[in-house]
Amino acid sequence: MRELSLHILDIAENGIDAGAHLITISVREEREKNLLTITLEDDGSGIAKEVLEKVTDPFYTTRRTRRVGLGLSLFRETSRRCDGRFSVTSREGEGTLVKATFRRDHLDLPPMGDMGGCITALIAGHPEVDLRYSHRVNGEEFYLDTRDIKKDLEDVAIHEPKILKYLGGMIRKAEARLRAMT
Amino acid sequence: MGKLTIDDLKKIKERVKKETALREGGATVKITVHMGTCGIAAGAREVMDALLEEMSETDRQDIRVVTSGCMGMCSSEPNVTVEIQDNDPVIYQHMDANRMRQVFKRHVLLGEVQTDFALARMKEE
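Residues numbered from 1 in each chain as written. Chains lettered and ligands numbered in written order. Predicted model: local features only at pLDDT ≥ 70, side-chain atom pairs only at ≥ 80, totals over all residues.

Moving on to the overall build of chain A. Tallying secondary structure elements over chain A gives six helices and six strands in all. From first element to last, N terminus to C terminus, chain A shows the α and β order α-β-β-α-α-β-β-α-β-β-α-α. Relative to its length of 182 residues, chain A is compact, with a C-alpha radius of gyration of 16 Å against a globular reference of 16 Å. For chain A, the spread of C-alpha atoms along the principal axes amounts to about 45 × 40 × 25 Å. Counting across all 182 residues of chain A, residues that qualify as buried make up 44%. Restricting the contact set of chain A to residue pairs at least 6 apart, pairs at least 24 apart contribute 65%. (Helix = DSSP H or I, 4+ residues; strand = E, 2+ residues; numbered from the N terminus. Rg over C-alpha atoms; globule rule 2.2 N^0.38 Å. Buried ≥ 20, exposed ≤ 12 C-beta atoms within 10 Å, placed from the backbone. Contact = placed C-beta atoms within 7 Å.)

The following block contains the structure:
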């Protein structure tokens, strides 16, 4: 994956496939610790204990359309390559938490990339699923919650293309402001 | 910074509300962007972005966008399937933002299948 945001999009799709109603995505950058932490939490069906040990094995997948399962294994490899730690914790019936850390100044660390595009792609494909996204760099943070946005929109659907275009633009602006500040 | 400020959302909401009030009937076109790991790695997000951009510029209210997982044809990703009512679905392969714009303008809006990018036409039973 060329961008960290593409990993986020991919892992979030896993959660949605697992029947999640809410996906919580958090990106934390801590300059003094030289650390970047990405977590994705969903309230989907969770992963059975015996399957959990195999989820980062690229030759394990539950799908039948192909025989490899690369999403989590690619994310883990990116994290490992950047001196990070990677974990998947899950309880059947309760949900799954994926956590990846990265050394922030590692040469191999991919750029964050277009989070605006990722969030709008997720909403466009799954308007019924709610998303919480927060990005914090040192003390500065911005966040959004699609439940609040849906409330503001009242009877207008959140996945109307004009709404998504606007939201994507706002997220891109907020990300750029965050980058400029730090 | 805090919560994402969406000051103009209300204005856009009112505009979209007016447009959708004119909407009649259901969707007659379904566009599926395949968003498995393979699709995402190959550029499906950029394809989706271009599609949403095109959608926001058209007045057509009968087009629906959905996403799906991997079809098992990872080497031809990004794949996009266009289904127009009463027509066979067409799967497009190796899509990018420009191809998506072309497929949208020519196939979705005008009904001309873009055979150069087509992987397959599926027969509906």
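Still more ground to cover, so stick around.
Our focus in this paragraph is the nonpolar core. Residues I8 and A12 of chain A together with V47, L51 and V80 of chain B are the most contacted members of the largest nonpolar core, which totals 74 residues. Sorting elements by how many residues they give to this core places helix α6 (residues 161-181) of chain A first, with eight residues. Non-local contacts of L51 of chain B, meaning those with residues more than four positions away in its chain, are made with I31, V33, V65, M100 and F104 of chain B. (Core = buried A, V, L, I, M, F, W, Y, C linked by C-beta atoms within 7 Å.)

Attention now moves to the pairing of strand β3 (residues 63-68) of chain B. Residues and elements named next belong to chain B. Only one face of β3 is covered, namely the one carrying I63, V65 and T67; the face carrying R64, V66 and S68 has none of its residues buried. As defined by bridge partners, strand β2 (residues 29-34) adjoins β3 across six bridges and the pair is classed as parallel. If you follow H34 over to β3, its bridge partner there is S68. (Pairing = 2+ DSSP bridges.)

Let's shift gears to the interface of chain A and chain B. At the junction of the two partners, chain A supplies 39 residues and chain B supplies 30 residues. Secondary structure elements with two or more residues in the side of chain A that touches chain B: α1 (4-17), α3 (71-81), α4 (115-125), β6 (140-145), α5 (146-153) and α6 of chain A. Considering each element in turn, the side of chain A that touches chain B owes the most residues, eleven residues, to α6 of chain A.

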